[in-house]
Every structure is written in structure tokens, then in C-alpha cells.
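# Fold and contact review
Okay, here's what each chain looks like letter by letter:
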Amino acid sequence: MGGARGGKGTFLPQEKGSLPPSDITQTTDTPTHNHMRNILNDTLPELTAWMTEELGEPRFRAAQVWQWIWQKGARDFSEMTDVSKACRARLAETARIVWPEVVTVQESRDGTTKFLLGMEDGAQIETVLIPSEDREGNRRWTQCLSSQVGCAMGCTFCSTGDMGFERNLTHGEILGQILVARAHLGDNRPDWPILRNLVFMGMGEPLLNLGNVMRALESLNNDRGLNFSPRRITVSTCGIEKGLRELGESGLAYLAVSLHAPTQELRARIMPKAARWPLPELLKALAAYPLKTRERITFEYLLLGGVNDGPEQAHQLAKLVSETVRGKLNLIVYNPAEGSPYEAPDEARVLAFEKILWNHNITAIIRKSKGQDIKAACGQLKAASKTLNT
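An account of the accompanying structure is given in this report. (Residues numbered from 1 in each chain as written. Predicted model: local features only at pLDDT ≥ 70, side-chain atom pairs only at ≥ 80, totals over all residues. Heavy atoms only, no water.)

The next subject is the sheet that holds strand E7 (residues 124–133). Here we have 10 strands laid out as an open sheet, ordered E5-E6-E7-E8-E11-E12-E13-E14-E15-E16, and mixed in their pairing. Only two strands of the sheet have a single partner each, and these edge strands are strand E5 (101–107) and strand E16 (364–367). Across this sheet, the average inter-strand angle for adjacent strands is 25°, counted without regard to direction. Along the sheet, helix H11 (residues 347–359) contacts strand E14 (297–303), strand E15 (327–333) and E16; its crossing angle with E16, the most-contacted strand, is approximately 160°. (Pairing = 2+ DSSP bridges. Helix = DSSP H or I, 4+ residues; strand = E, 2+ residues; numbered from the N terminus. Axes fitted to C-alpha atoms, helices over the stretch in contact; angles between N-to-C directions. Contact = heavy atoms within 4.5 Å.)

This is how it looks when you write it as C-alpha cells:
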């Protein structure tokens, strides 16, 4: 498989159990032999600098190209009809627009749609569309985005963790997932989008790819591009010290923390690498995390049958959340993967767990797993695909 980034365009072998470096300055991670520039990897300032300095184009041309790519879904420069023919010709000679390739699409009975996507170097990732309805009964979608190929955190309940870490995703590979999803949905009206919310809860740990995730967030917030409000973007981390404050100070997204255990001992058992940052220190950092007015940190708590779903854990969790941060809880019912050591919790225990939290005045919402019939949990589709091809 892949490995830690050793130098520009090179990859060193990565031991499955080790953590990759968080390269805050990196801009490209995909090894490629094509000398032409994939401009999906550019932020608007980067595209502007390149087009003005290398192609001699005025600044407004970059804004035009940017809007064609991110708002109109253009995949070829010939589609950009308000860009001069000379500029389009220069772009075609020097640059490319490379979307992720759709390898597999699976749709669940509940509407959840999962994509297995191929990158230029053959790496594969997953992204998931999750349906919901607004108050008027209109269908809206949330997309779960991947930030890495594989994951180094090795959480014991996660299929992606079993794969190990291959490499970070680039700016274009992160945002390219959205282009694929919007094309699938026919979501071509920026003024009335169908895809409403984004969650960085797919493959990988976002804060271990901090540089490209931050660049992607800046592009998402750009009103000349995909134009997502920060309140519609959530970045989920299992607890990585480096980058947490930078994310908070940027104001580019809301924060979710994958907690999954109310004590350091239990967390170390089910999330051994995340627990290297002791729970009390993580909570102290979260207490100092910059929040906007009325903003709260979301804690994700995966209920594993007979492991962390008992009354004792519920009381411990309520105490932990109420005494440390302004937060709310998403209770997620475990969706067992084939060969997993864990089981789904009993429904009665789930409801009892939720009731204890509410009795402590903790906002807790049960999020039922969707797409169980299509292996929609993180990493399951890629794992199944690898099994079929071996």
C-alpha cells in the first residue's frame, strides 16, 4: 500500500500502526506522471496566481474558470463559453480538470447512496450521500466526505482502520467528491442546492491532513465556488492535538469529536491511538476551543453492544459533558461489519442510555445507522471490493 510522505511526489513505506505526519504546508499528495496541472487542486488565489503569472491572463479570467469548475461542473475547458478562445486553448495545452472516477454506486432501501471512487494513482476512497426531508417535505442531502486514503488511527470498530494508512487526499480529491455527488443528484442550481450539508466523517482523520483540509474548507466557503456556509460543514476528529485550535480559530466549520467512551481506560481499549492524547487533556483543550454564539461542539458516541452502552457509562458521559464543554451528543447505533468483534446494541439499552442523558439535561439525539444493506459504514464498501478482487 502507500505510506508516509517523504518528499514532494514520493512516498515512504508506512507501518500500519504508525501515525502519518500532519503536513500543514502540503498542496499535492497524489503521485502522477502527467506534467499537466490538475486545477482542481488549486484554491482560487492559487489559480489566480498561476493564470496571471504563467498564462498572462487578467485576474477576472481565473474567477470565471473557477465558477465554471465549481458552480457549473465543467469538466472540459471547451464548455467555458464566456472565456476567450485563446485562453481556453492555453488552458487545454497546460492544464486538466480531473474528477474522481466512479467505480461503484450502491443505493440503499432508505435512499442512502454510497460511492466507491478511484483516484488517478489507483487509490480508492468512499463518499456517502444521506437523505433527509425539510419541513416542507423536500428531500435534502448530507454528504459524508473522506480526507485520507485509509486511516492510521486503527479504531477497533472501524473498517477503514483495518486498512491502515495509504496517503492524504489533495484539495481536488476532497472537493471532487462533491462534484461527483452533485452530478449524480442533478444538483445544478447554486441558488437552490439539493446538497445542503457536508460532514468530514468518511475515511481518514481530517486533522492529520490539516493542510489540504483547511484549503478545502477555504474553497468551500468561497461564494464564487461551492459556497457552503461554515454552519453547514462539520469536521470530525477523534482527538488530534495538532491543528485543533487552528481549525477553531479559522471559523470555517463546526467541530465534532468522536468520543465513543466516557473514560480514558475504555477509550484506550477501543480507540488506542486516539487515546494517546489523554481524555482529560482533550477535554481541557475542548473547553478552550473558540465557539461562536450558540455554537456547540458535537460529541459522537458509537453505541457498541455490551461495551459502552450501559447505565454506568451513560452517567459517566453525562458528567463528563456537563462539566467540561458546551456540547451535544449524537448517539450512533453501531452497524456491524463482517468479522467485527462488536455487536449492535439492544434497542432497549439504547433508549435507556438516551433517557439517562436527558435526565442530566444533556441534549442527546439517536442517529440510526443508514444504508445497512449496502455496507454504508465507513470503509465497508472498499473492504468488500478488495475481498472480491483478491
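This is not the end of the story, as more comes after the structure.
Now for unusual backbone geometry. Positive phi, close to 70°, is recorded for arginine 294, a residue that is not glycine. One can find arginine 294 in the loop between helix H9 (279–287) and E14. A relative accessible area of 82% means that arginine 294 is categorised as exposed. Located in the positive-phi region is asparagine 361, a residue other than glycine, with phi close to 65°. (Buried < 20%, exposed > 50% of the residue type's maximum accessible area, 1.4 Å probe, protein only.)

Considered for burial, the residues of H9 that qualify are Leu279, Leu282, Leu283 and Leu286. Considered in projection along H9, the buried side chains sweep an arc of 95° and stay on one side of the axis. With respect to the buried face of H9, the exposed residues turned more than 90 degrees away are Pro280 and Lys284. On the buried face of H9, the contacting elements are helix H7 (244–250), strand E13 (254–258), helix H8 (264–270), E14 and helix H10 (311–324). (Arc of directions from axis to C-beta.)

The topology assignment puts arginine 90 in helix H3 (residues 85–94). Residue classification places arginine 90 among the partly exposed residues on the basis of a relative accessible area of 31%. Taking the C-alpha atoms as reference points, arginine 90 and leucine 55, 35 residues apart in sequence, are found 7.3 Å from one another.

This part is about the pattern of salt bridges. Within the structure shown, the criterion is met by 12 salt bridges. Two residues, arginine 96 and glutamate 120, come together in a salt bridge whose shortest N-O distance is 2.8 Å. Pair noted here: arginine 96 is in strand E4 (residues 95–96) and glutamate 120 is in the loop between strand E6 (113–118) and E7, with a separation of 24 residues, a long-range link. Overall, arginine 96 belongs to the buried group, its relative accessible area being 14%. For glutamate 120, a relative accessible area of 43% translates into the label partly exposed. Taken together, the shared-partner salt bridges connect Glu57, Arg61 and Arg90 into one network. (Salt bridge = Lys/Arg side-chain N within 4 Å of Asp/Glu carboxyl O.)

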